[in-house]
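# Analysis of the macromolecular model
Read off the chains here:
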Amino acid sequence: GIPAMPRYYFTTIASAHDIRPQVPHDYPSLEVARSEARIQLARMATERLPSDPGEMLSVEIFAEDMRPLVELRLMFQEIEKDKEVPVEAKPPVE
């Protein structure tokens, strides 16, 4: 018969309050599982971006025996660019 594809488990974390348990997926390789995890992260980002500093979206991939294999994270940063620089932080004029 045809050998079974490896089974991987995905845990998704969309926030500290939205952790979804391991869901089994059968993929021919870890690289295919990793590619699917990237797609899941992109889908999660369309629903909600992280808003607090250090918050992230995450998909963790586990082997069939529940060993953690890889975690993919998506972080969002907002960097203010138009704030006034305090006078004491300006370089001296020569």
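Right above here is the structure, for reference.
In this convention, every chain numbers its residues from 1, walking through the sequence in written order. Per-residue local features of the predicted model are confined to residues with pLDDT of at least 70, and side-chain atom pairs are confined, for both listing and counting, to 80 or more; whole-chain, interface and lining totals are unaffected and use all residues. Based on all heavy atoms of the structure, the side-chain values leave hydrogens and waters out of the count.

To continue, consider the pairing of strand β4 (residues 68-75). Strands are labelled as partners when DSSP assigns at least two bridges between them. Here a strand is any run of E in DSSP of at least two residues, a helix any run of H or I of at least four, and the numbering for each starts at the N terminus. Inspection of the sheet shows strand β3 (residues 56-62) paired to β4 by seven bridges, in the antiparallel sense. Following the sheet pairing, Val-59 is matched in β4 by Leu-72. What sits between the antiparallel neighbours β3 and β4 is a turn of five residues, in which Met-66 has the positive phi angle 70°.

By size, the foremost hydrophobic cluster in this structure holds 14 residues, and its most contacted members are Phe-10 and Ile-61. Residue assignment for this core shows that the elements contributing at least two residues are β1 (7-15), α1 (30-47), β3 and β4. Ranked by residues supplied to this core, first place goes to α1 with five residues. Not counting residues up to four positions away in its chain, the partners in contact with Phe-10 are Pro-21, Gln-22, Val-23, His-25, Tyr-27, Ala-33, Glu-36, Ala-37, Gln-40, Val-59, Glu-60 and Ile-61. Grouping buried Ala, Val, Leu, Ile, Met, Phe, Trp, Tyr and Cys residues that are joined through side-chain atoms within 4.5 Å yields what is termed a nonpolar core. Burial status follows relative accessibility: with a 1.4 Å probe on protein chains alone, a residue under 20% of its type maximum counts as buried, one over 50% as exposed, and anything between as partly exposed. Whether two residues touch is decided by their heavy atoms; if any such pair falls within 4.5 Å, the residues are in contact.

Attention now moves to the sheet that holds strand β2 (residues 18-26). Pairing in this open sheet of four strands is antiparallel, and the strands run β2-β1-β3-β4 from one edge to the other. Every interior strand has two partners, whereas the edge strands, β2 and β4, have only one. With direction set aside, neighbouring strand axes in the sheet form an average angle of 15°. Here β1 runs beside β3; their pairing, made up of five bridges, is antiparallel. Paired with Ile-13 across the bridge in β3 is Ser-58. Whenever a helix is involved, its axis is fitted only over the stretch in contact; in every case the axis is a line through C-alpha atoms, and angles between N-to-C directions fall within 0 to 180 degrees.

Don't take any of this as a statement about function, it's just geometry.
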